[in-house]
Amino acid sequence: MPPLSLMFKTVSTDCNLDCSYCYYRQSLEGSRVRRRIERPMLENLIPQYMAYVADVRAARFAWQGGEPTLAGLEFFRWLTDLQERHASPGTSIHNALQTNAVLIDAEWAEFLASHRFLVGVSVDGPEEIHDALRKDRGGHGSFRRMMAGLDALRRAGVDCNILCVVGPHNVGRPRELMRFFRREQIGYVQFIPAMDFQATEPNARPRYLVSPEEYGRFLAELFEEWYEQGKPRISIRIFDNFLQSYVGVPNDACVHGEYCDGGLIVEYNGDVYPCDFYIAPAWKLGNIFEESLASMAASPACRAFVGRKQPLPAACQICEYRQQCKGGCPRNRLSLEDGSQSPDYFCASYKQLFRYADERLGAMGDRIARRLRYEEKLELVTADRKAAPGRNAPCLCGSGRKHKACCGDPALANSYVFSQQ
Ligand code: SF4
Ligand code: SF4
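Just so it is clear, the model here is predicted, and its values are computed rather than measured.

Details of the site of ligand 1
In the vicinity of ligand 1, the residues found are Cys 254, Val 255, Cys 260, Cys 275, Phe 277, Tyr 278, Phe 305, Cys 329 and Pro 330. Of the residues that constitute the shell around ligand 1, the class distribution is nine nonpolar, no polar and no charged.

Comments concerning the pattern of salt bridges
A side chain of one charge can pair with a side chain of the opposite charge if their charged atoms are brought near each other. If you walk through the whole model with that rule in mind, you get 21 salt bridges. For the salt bridge of Arg 39 with Glu 74, the shortest nitrogen-to-oxygen distance reads 2.8 Å. Of this pair, Arg 39 sits in helix H1 (residues 39-52) while Glu 74 sits in helix H2 (residues 73-86), and the two are 35 residues apart along the sequence. Overall, the relative accessible area of 28% leaves Arg 39 in the partly exposed class. Residues Arg 173 and Glu 176 are paired through a salt bridge, measuring 3.0 Å at the closest nitrogen-oxygen approach. Look at Glu 176 and you get partly exposed, because its relative accessible area is 33%. One salt-bridge network, in which partners are shared between bridges, spans Arg 175, Arg 179, Arg 182, Glu 221, Glu 225, Glu 228 and Arg 233.

Quick notes on the site of ligand 2
Looking at ligand 2, the residues that line it are Ala 315, Cys 316, Cys 319, Arg 322, Cys 325, Gly 327, Cys 347 and Lys 351. Of all the secondary-structure elements, those providing two or more residues to the shell around ligand 2 are helix H11 (314-317), helix H12 (322-325) and helix H13 (347-383). Partitioned by chemical class, the residues of the shell around ligand 2 number five nonpolar, one polar and two charged.

Some details on helix H5 (residues 143-155)
With 13 residues, H5 extends 18 Å from end C-alpha to end C-alpha; this agrees with the ideal 18 Å at 1.5 Å per step. Phe 143, Met 146, Met 147, Gly 149, Leu 150, Ala 152 and Leu 153 are the residues of H5 that are buried. Turning to H5, the residues buried within the fold contact helix H3 (106-114), strand E6 (118-122), helix H4 (127-133), strand E7 (159-166) and helix H6 (174-183). Backbone geometry just downstream of H5 places Gly 157 in the positive-phi region, at approximately 80°.

Re the side chain of Thr 80
Counting through the fold element by element, Thr 80 comes out in helix H2. At 3.1 Å, the side chain of Thr 80 forms a polar contact with the backbone oxygen of Arg 77. When near neighbours in sequence (up to four residues on either side) are disregarded, Thr 80 contacts Asn 95, Phe 111, His 115 and Phe 117.

Concerning the environment of Ala 58
Relative to the elements of secondary structure, Ala 58 occurs in strand E4 (residues 58-64). On a C-alpha basis, the gap between Ala 58 and His 94 in space is 7.4 Å, while along the polypeptide they are 36 residues apart. In contact with Ala 58, not counting residues within four places along its chain, are Tyr 49, Val 53, Thr 91 and Ser 92.

Focus on the pairing of strand E5 (residues 92-99)
Where E4 and E5 come together, six bridges link them in parallel fashion. In the sheet register, Phe 61 faces E5, and the bridge partner there is Asn 95. The handedness of the E4 to E5 crossover, carried by H2, is right-handed. As defined by bridge partners, E5 adjoins E6 across four bridges and the pair is classed as parallel. Each bridged residue has a counterpart across the sheet, and for Thr 99 the counterpart in E6 is Val 121.

Side note on the sheet that holds E5
The strands making up a sheet are joined through hydrogen bonds of the backbone, oriented either antiparallel or parallel. Taken together, the 10 strands give an open sheet; going across it, the order is E9-E8-E7-E6-E5-E4-E1-E10-E11-E12, and neighbouring strands pair in mixed fashion. Strands at the two margins of the open sheet, each flanked by one partner only, are strand E9 (235-236) and strand E12 (286-287). Examined bridge by bridge, strand E1 (residues 5-9) and E4 share five bridges and lie parallel to one another. What sits directly across from Met 7, in E4, is Ala 62.

What counts and what doesn't
Residues numbered from 1 in each chain as written. Chains lettered and ligands numbered in written order. Predicted model: local features only at pLDDT ≥ 70, side-chain atom pairs only at ≥ 80, totals over all residues. Heavy atoms only, no water. Near = heavy atom within 4 Å. Nonpolar A, V, L, I, M, F, W, Y, C, P; charged D, E, K, R; others polar. Salt bridge = Lys/Arg side-chain N within 4 Å of Asp/Glu carboxyl O. Helix = DSSP H or I, 4+ residues; strand = E, 2+ residues; numbered from the N terminus. Buried < 20%, exposed > 50% of the residue type's maximum accessible area, 1.4 Å probe, protein only. Expected span 1.5 Å × (residues − 1). Contact = heavy atoms within 4.5 Å. Polar contact = N/O pair within 3.5 Å; in protein donor to acceptor, adjacent residues only side chain to side chain. Pairing = 2+ DSSP bridges. Right-handed = clockwise from strand over helix to strand, strands pointing away.

Have a look at this one:
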């Protein structure tokens, strides 16, 4: 079976905040409905999923919402026990939780650390920026409560990354954002542009809160602040995704990958959809009580969705940056009057970044590719009980340079790694 990851709408659209740009405040049942994921549904699904991934020995779960911590710590204790009981021997279980961190305290943090959750925390920048749009229903900013949660996570040693939404409140301030994240010793950040659309209305014309030009300027300035003479200290997902294209390894984000293959989305009641942006009846693959997970994953509807990025719009097919960008997200294309499709709304932003940073990204990509080749060959050499090359021997990466002046240089040993996802 091919690898398959699952993302759960743990509490459907329920949330303890009311951020103005949220694309899942409205479910098919109404706005901000109070729902909790159904345990009988998980008792049905998790054994099926564990059987599905038994060959690949990696089970990947993402818990989102709404705000997934509203399901309660007791629920997550029950869940991890269920996962462990049904996993085949040798299966590694990866759980990721996306949270506003408002409810996270020491007890939560200890639990998340002990089960090795990767926790994504939504942070839009320093207090004044974060609180501009990330408010509760009383209109109060959430920064201080979020930071208390983030600190608890860091004290417990939880692996954290940051999700930062780029909107009118911070699109002009990328350097400030980067300085803030550095000051807070954040290692991994994902920036996403704010889009004012609902996942339940995929055919409605999307509205965007930043223009392609604004987002393009943001990316170019962000790159400048991030690059640090080719030795960045923070991993930024969109740059990592472009680097993956330069290196020639599979892209871990669907937006800049070849296909719409982001895993399956499971609503609290077992309804399954192919993408977080398409939670609408026309795209429903089935319900876990009525159909098996394996048959939904292999269904013609799911395969058709995975392939819906292709063919790329005409503009992408002749684009000089096609290999790096791979056409962006179909949700951001517009249907044109002649029946064709426009490229991704943020096309001009990507081009602006590539024009600005292509050479430097390419050079970094070459260096990473060499390093990966070196590590692979070094592993083969040492597995064969042969000695690693001497300082003056040709480097294993094939550069033609001496080992000591290439991958054997200790300064290169910690070369940039792609973000944890
Ligand atoms: S539509 Fe966009 S978000 Fe959904 S799977 Fe395709 S690229 Fe990813
Ligand atoms: S930069 Fe624009 S035209 Fe080029 S591949 Fe990306 S979306 Fe398509």
